Amino acid sequence: MAVPEHAAELSLEATLAQCCRVMHALGLTDLRGSASARRDETNFLFAPGEKPGTDCADEQDVLTLSLSLGEEVRSAKTRLAKDQALHASIYRHRPDVGGIVHTCQPWAMVFATAQGSFLPVTHQESDLALDPAPVWGKGQLPADDRERAEFLQQLGKANFCLIPGEGVIVVG
């Protein structure tokens, strides 16, 4: 999918919404999945917000959330709240991260469930898969502080982590 020439002129909110739509168009997400971008030292943008689905995300669906969100949401009940709290935790733990995507492509879920490792197929993926893929094997997104700490330990300095039943969290 070609990037529009005016993409450099888009706001961060519009770019994040566009990222969601592209992930959906490429089959990386369905009704589940998300993207976020660090806004500054205290906030990040998260999409899509309350409206499910990445296929029709637009600028108005992008939420501005506090990096302290993970601390505020001790025990996340909904999938959306778990995803938002995880993104906040990653930003607090990894100052080098400027953006996060949570994709749910079927093959990644198969590899995660089988605890398999990825091998790069093309040179574009090779830097992601030089080391074995970390797998956080809970079968769902981390729901509380303890599980988010376990996930962050498993992620370490890697650029991605497989979650069986959930897909992939990619940071960069």
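Above this text is the structure in question.
Numbering of residues begins from 1 in every chain and follows the order in which that chain's sequence is written. Totals for whole chains, interfaces and linings use every residue, but because this is a predicted model, local features are given only for residues with pLDDT of at least 70 and side-chain atom pairs only at 80 or more, for both listing and counting. Calculated side-chain values reflect all of the structure's heavy atoms, with hydrogen atoms and water omitted.

Peer 1: Let's hear about the sheet that holds strand β3 (residues 63-66): which residues, and what values?
Peer 2: Only strands that DSSP links by at least two bridges are regarded as paired with each other. Put simply, DSSP H or I for four residues or longer makes a helix, DSSP E for two residues or longer makes a strand, and each gets a number counted from the N terminus. Within the open sheet, the six strands sit side by side as β3-β2-β1-β4-β6-β5. Their pairing is antiparallel. Looking at the sheet topology across the chains shown, the edges are occupied by β3 and β5 (160-163). Strand-to-strand, the axes of this sheet are offset by a mean angle of 20°, without reference to chain direction. Here four bridges tie β5 to strand β6 (residues 167-171), and the two strands are oriented antiparallel to one another. Across the sheet, the residue bridging to I163 is G167, located in β6. Residue contacts are defined here by distance: any two heavy atoms, one from each residue, within 4.5 Å place the two residues in contact. Here an axis means a line fitted to C-alpha atoms, over the contact stretch when the element is a helix, while the angle between two N-to-C directions is reported on a 0 to 180 degree scale. Seen against the sheet, helix α1 (residues 12-25) touches β1 (34-38), β2 (43-47) and β4 (99-103) and runs at an angle of roughly 155° to β1. Where helix α6 (residues 145-155) meets the sheet, its contacts fall on β5 and β6, and the angle it forms with β5 comes to roughly 125°.

Peer 1: If you had to explain the packing of aromatic side chains to someone new, which residues and values would you point to?
Peer 2: Pairing of aromatic rings covers Phe, Tyr and Trp, the last through its six-membered ring, and needs centres within 6.5 Å; plane angles under 30 degrees mean stacked, over 60 mean edge-to-face, and all others mean tilted. The tally for this structure, following the rule as stated, stands at two aromatic pairs. Geometrically, the ring pair formed by F44 and Y91 is tilted, given 5.3 Å between the ring centres and 45° between the ring planes. A residue pair is termed long-range when its members are at least 10 positions apart, and F44 in strand β2 and Y91 in helix α3 (residues 79-93) qualify at 47 residues. Each residue gets one of three labels from its accessible area relative to the maximum for its type: buried under 20%, exposed over 50%, partly exposed in between, using a 1.4 Å probe on protein chains only. By relative accessible area, which is 0% here, F44 ends up buried. Relative to F151, the ring of W136 has its centre 6.2 Å away and its plane inclined at 75°; by these criteria the two rings are edge-to-face.

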